[in-house]
Amino acid sequence: MKTNDVEADAKALTFSAKGSATDPCSRAWRLGITVRSRRRGRRRQRRNAVRLGTKWPRRWDPIPSTAWERSGKNDVWAVGSRYDGVDDRPLAEHFDGQQWTIVPTPIPGTGGAYLRGVGGSSSADVWAVGYQTTQTGVQKTLIEHYDGAAWSIVPSPNPASFASYLSTLVAVASNDVWAAGYYLGSNNYRTLVEHWDGNSWTIVPTPNVGDGPNALNGIAAAGPGDIWAAGYQSIASGSPSSTLILHFDGTTWNVVPSPNPGQPSSLAAVVATSDGLIWAAGFYYDGTQGKTLLLRGDESGFTALPGEDYSGEGNVLLGSPPPGPAISGLPVTITRAGPLIIRA
């Protein structure tokens, strides 16, 4: 599909980074999909959206934002899932500077298994997170590790829940890796964060806002003991979602105030830049249409910045670049095309 194909039902939307002046090749890769709604009087179609209908949803279920990782221009990973004719299986692909190739990943069981986030501290220390469905129908966290030669499954904890999911991951060092997602509590989704200390994964307590659904879709590291996560929260069941940003100060996770230009509002990705600022991306509904949402801030709070939108259509930002030396600015790029991988 050509990038100027304005008739495409799905358009790739990328939240990308400029290459640095000293290393123009150290640019980020981004995989992301957003959707367009058809004109009134015709059926509305949303591709890769989890809710269908004629009205903008009160919230969107979490969408992966870190399904790729690069440690260099010749070392890029992307993860997801594939269907083998029986069920969905984990999928990992690697770019060596010339081409993408499938790298075998272990299958945890007979049920479906999905990888939703990937990150690493080096080419021989890559992690992927997601979830699996057991024979009893319980959905559990799934974590796999690549040691430079092969992928293997690493045991990961689960809350007391029938459904636990990991959506995103960031590696600070080989003994300091963070994963975030959500799990089903007694009534609604609750935030979930897990940490790798070099020996095992453990659940780290995180706050929730109100009694409604809370979920984390993106995670980023400004440094050791300085971790950020973003997603959405609802004060009560059935109420519109609002943005949610959490910060780990080395001891505890805390909620950081974040604005909501409209409701629902939700964040899908977060990134820490070298200037000490934190950026988050997502969407909000202004009463007429869905619009892109860009937040910038720090521990004291966040402010919303103007984005660029297609008039009369649903606009959503789903991804951001992982931390790296190339990240000096965060322009928004909207490309009229179908699902694809774009190099900024």
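Just so it is clear, the model here is predicted, and its values are computed rather than measured.

Caption draft 1: Highlighting the sheet that holds strand β21 (residues 265-272). Taken in spatial order, the four strands make up an open sheet running β21-β22-β23-β24, and their pairing is antiparallel. The outermost strands of the open sheet, each flanked by one partner alone, are β21 and β24 (301-305). For this sheet the average axis-to-axis angle between neighbouring strands, irrespective of direction, equals 25°. Looking at chain direction, strand β23 (residues 290-298) and β24 are connected through five bridges and run antiparallel. Considered in β24, the bridge of leucine 294 is made with leucine 305.

Caption draft 2: Spotlight on the nonpolar core. Core analysis: the largest hydrophobic core is formed by 15 residues, its most contacted members being Trp178, Val193, Leu216, Ile219, Ile227 and Trp253. Trp228, Ile245, Val270 and Leu295 belong to the second largest nonpolar core, which has 14 residues in total.

Caption draft 3: Inspection of the sheet that holds strand β11 (residues 139-146) at higher detail. If you walk across this open sheet you meet the four strands as β9-β10-β11-β12, and the pairing is antiparallel. Looking along the sheet, the strands with just one partner apiece sit at the ends: β9 (113-122) and β12 (151-153). Mean inter-strand twist for the sheet, computed between neighbouring axes without regard to direction, equals 25°. The pairing of β11 with β12 spans three bridges and is classified as antiparallel. Along β12, the bridge assignment pairs tyrosine 146 with tryptophan 151.

Caption draft 4: Spatial organisation of the side chain of threonine 206. Mapping threonine 206 onto the fold places it in the loop between β16 (201-204) and β17 (214-223). The exposure class of threonine 206 is buried, given its relative accessible area of 17%. A polar contact of 2.8 Å, which involves the side chain of threonine 206, links it to the side chain of threonine 191. Setting aside anything within four residues of it in sequence, one finds threonine 206 in contact with Thr191, Leu192, Val193, Leu246 and Trp253.

Caption draft 5: Examining the packing of aromatic side chains more closely. Evaluation of the coordinates by the stated rule reveals 15 aromatic pairs. Ring centres 5.3 Å apart and planes at 85° place the aromatic pair tryptophan 77 and tryptophan 151 in the edge-to-face group. With tryptophan 77 in strand β6 (residues 75-83) and tryptophan 151 in strand β12, this pair connects stretches of sequence that are 74 residues apart. Exposure remark for tryptophan 151: the relative accessible area of 7% places this residue in the buried category. In this structure an aromatic cluster arises from ring pairing among Tyr114, Tyr131, Tyr165, Tyr182 and Tyr189.

Caption draft 6: Representation of the pairing of strand β10 (residues 125-133) in the model. Burial runs high along β10: eight of the nine residues are buried. Two elements, β9 and β10, share eight bridges in a ladder whose sense is antiparallel. Within the sheet, the bridge partner assigned to alanine 113 lies in β10 and is glutamine 132. Once β9 ends, the chain turns through two residues before running back antiparallel as β10. The hairpin turn running from β10 into β11, its antiparallel successor, is five residues long, and glycine 137 in that turn takes a positive phi close to 90°.

Cut-offs used in this document
- Each chain has its residues counted from 1, following the order in which its sequence is written.
- Residues qualify for local features only when their pLDDT is at least 70, as the model is predicted, and side-chain atom pairs are given and counted only at 80 or more; totals for whole chains, interfaces and linings, by contrast, use all residues.
- Side-chain measures here rest on the full set of heavy atoms in the structure, leaving out hydrogens and waters.
- Any two strands with at least two DSSP-identified bridges between them are counted as paired.
- Secondary structure counts use DSSP, requiring at least four H or I residues in a row for a helix and at least two E residues in a row for a strand, with both numbered from the N terminus.
- For helices, the axis comes from a line fit to the C-alpha atoms of the stretch in contact; other axes are also lines fit to C-alpha atoms, and the angle between any two N-to-C directions lies between 0 and 180 degrees.
- To form a nonpolar core, buried Ala, Val, Leu, Ile, Met, Phe, Trp, Tyr and Cys residues must be joined to one another through side-chain atoms within 4.5 Å.
- Partly exposed describes any residue whose relative accessible area lies between the buried limit of under 20% and the exposed limit of over 50%, with all areas from a 1.4 Å probe on protein chains only and scaled to the type maximum.
- By the criterion applied in these results, polar contacts are pairs of N or O atoms within 3.5 Å in which, for protein atoms, one can donate a hydrogen and the other can accept it, and in which residues neighboring in sequence qualify only through two side-chain atoms.
- In this analysis, two residues are considered to be in contact whenever any of their non-hydrogen atoms come within 4.5 Å of each other.
- Aromatic pairs are defined between Phe, Tyr and Trp rings, using the six-membered ring for Trp, whenever the two ring centres lie within 6.5 Å; interplanar angles under 30 degrees are classed as stacked, those over 60 as edge-to-face, and all others as tilted.

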